[in-house]
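Residues per chain are reported as follows:
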Amino acid sequence: METVWKEIDSAIKKGDHKQVISLCDKLIQSSSSTKSSSTTTISSDAVADAIKCKVVAMIHLGSFEQALALILSSSVVQMRFEKAYCLYRLRRYREALDTLNDRSQPQQQELTRRELTLRAQVCYRLDLHADAMAAYSKLSSTKGSKKDDEAEDNEENMELKANTLAVAAESRDLTSVRPLLTSSSSSSSFEMEFNSACAFASVGEWTNAKAALSRCHSIQDKAAAGEEGEQVDAEETAKVMTLEGFIAQMEGDRTAANQLYHRALKAVEGRSSSSSSS
């Protein structure tokens, strides 16, 4: 059995998820056969670990229905996050929220950081903006444990801020996110600036929205001019132009609005044609 676990560990490190599933099946099947023979019985903990590894591998492969079925059929594992995540990816949002709200097991009293992040996303999908904002606020006020990589920590913070602003834009309530909207810096991401623009636009603050969109263009230009020479994302450009067009329309400049809408459409069409040719 130790040899099989070493093979599983090797397959996980290589990202060979199909091999992980195959090896886990081998362990699970061995546990069934040893019950009716004199062979040394595989412990229930080992079986539970094998099932957990298999579920995670299935999720990596996008096999959400199968992973969910395995979780539901097993009596030896409690995988609240994985179950909720599968339901979320299957767009069964209400069931995902019910799963995250389940406190029936002693070890499930408090949501982990990743469960809280998922809960925020589920609430957003269900238009429960106040609940989503509460979850993001709690995440912002707490630090993840054992953070050794500062870059990773900063990336998580930027994503968290961008998601918080997206919720604010949907709810049209900027009260709790004003500090985020006024804290733009050179390290801001495209997503954060674009969501800031959406938030400002949702309450008719057109000048602030246009300033945030201008920063979106600057971020794209900086990326394109960098050492790696990143190609400007046509979809991102189209999103910016569409919002710029909407703002121009709301300010009464229909000519500028139509031009921006047309440029946004051309950007998307250009991306589609280049994708099909490649």
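Note: the structure precedes this text.
Residues numbered from 1 in each chain as written. Predicted model: local features only at pLDDT ≥ 70, side-chain atom pairs only at ≥ 80, totals over all residues. Heavy atoms only, no water.

**With respect to the pattern of salt bridges**
For step 1, the next point in the chain: Counted under the stated rule, the structure contains 7 salt bridges.
For step 2, the next point in the chain: As a salt-bridge pair, R92 and E95 come within 2.9 Å of each other at their nearest N and O atoms.
For step 3, the next point in the chain: Overall, the relative accessible area of 31% leaves R92 in the partly exposed class. (Salt bridge = Lys/Arg side-chain N within 4 Å of Asp/Glu carboxyl O. Buried < 20%, exposed > 50% of the residue type's maximum accessible area, 1.4 Å probe, protein only.)

**So, the environment of T237**
For step 1, the next point in the chain: As for its placement among the helices and strands, T237 is situated in helix 13 (residues 234-250).
For step 2, the next point in the chain: Overall, the relative accessible area of 13% leaves T237 in the buried class.
For step 3, the next point in the chain: C-alpha separation for the pair T237 and V268, spaced 31 residues apart in sequence, amounts to 8.6 Å.
For step 4, the next point in the chain: Excluding residues within four positions of it along the chain, T237 makes contact with Q220 and V232.
For step 5, the next point in the chain: Reaching out from T237, the side chain makes a polar contact with the side chain of Q220 at a distance of 3.3 Å. (Helix = DSSP H or I, 4+ residues; strand = E, 2+ residues; numbered from the N terminus. Contact = heavy atoms within 4.5 Å. Polar contact = N/O pair within 3.5 Å; in protein donor to acceptor, adjacent residues only side chain to side chain.)

**Examining the packing of helix 7 (residues 113-125) against helix 8 (residues 129-141)**
For step 1, the next point in the chain: Interaxial distance between helix 7 and helix 8 falls to 8 Å at its minimum, and their mutual angle equals 155 degrees. The orientation of helix 7 with respect to helix 8, classified from their angle, is roughly antiparallel. In terms of crossing hand, the pair formed by helix 7 and helix 8 is left-handed. Facing R113, L116, T117, R119, A120, Q121, C123 and Y124 of helix 7, the residues of helix 8 in contact are H129, D131, A132, A135, Y136, K138 and L139.
For step 2, the next point in the chain: Classifying every residue of the contact of helix 7 with helix 8 by side-chain character gives 8 nonpolar, 3 polar and 4 charged. (Axes fitted to C-alpha atoms, helices over the stretch in contact; angles between N-to-C directions. Parallel < 35°, antiparallel > 145°, perpendicular 65-115°, else oblique. Left-handed = near helix turned anticlockwise from the far one by under 90°. Nonpolar A, V, L, I, M, F, W, Y, C, P; charged D, E, K, R; others polar.)

**Some thoughts on the packing of aromatic side chains**
For step 1, the next point in the chain: In total, this model carries 6 aromatic pairs according to the counting rule given.
For step 2, the next point in the chain: Both rings, one in Y85 and one in Y88, keep their centres 6.4 Å apart while their planes meet at 35 degrees; by these two values the pair is tilted. Here Y85 pairs with Y88, and both are found in helix 5 (residues 80-89), just 3 residues apart, close to one helical turn.
For step 3, the next point in the chain: Under the relative-accessibility criterion, Y85 is labelled partly exposed at 21%.
For step 4, the next point in the chain: Owing to a relative accessible area of 14%, Y88 belongs among the buried residues under this scheme.
For step 5, the next point in the chain: For the ring pair F190 and F194, a centre distance of 6.0 Å and an interplane angle of 5 degrees mean the geometry is stacked. (Phe/Tyr/Trp six-rings, centres within 6.5 Å; stacked < 30°, edge-to-face > 60°.)

**Focus on helix 4 (residues 64-73)**
For step 1, the next point in the chain: All buried positions along helix 4 are accounted for by F64, A67, L68, L70 and I71. Projection of helix 4 onto a plane perpendicular to its axis shows the buried side chains occupying an angular sector of 160 degrees, all on one side. Residues of helix 4 that are exposed and angled more than 90 degrees away from the buried face: L72 and S73.
For step 2, the next point in the chain: Those residues of helix 4 that are buried are in contact with helix 3 (44-60) and helix 5. (Arc of directions from axis to C-beta.)

**Re the environment of E115**
For step 1, the next point in the chain: With respect to the helices and strands, the residue E115 is situated in helix 7.
For step 2, the next point in the chain: Look past the residues within four positions of E115 in its chain and what remains in contact with it is R80, F81, L100 and E110.
For step 3, the next point in the chain: Here the side chain of E115 touches R80 through a polar contact of 2.9 Å, side chain to side chain.
For step 4, the next point in the chain: Reaching out from E115, the side chain makes a polar contact with the backbone nitrogen of T112 at a distance of 2.9 Å.

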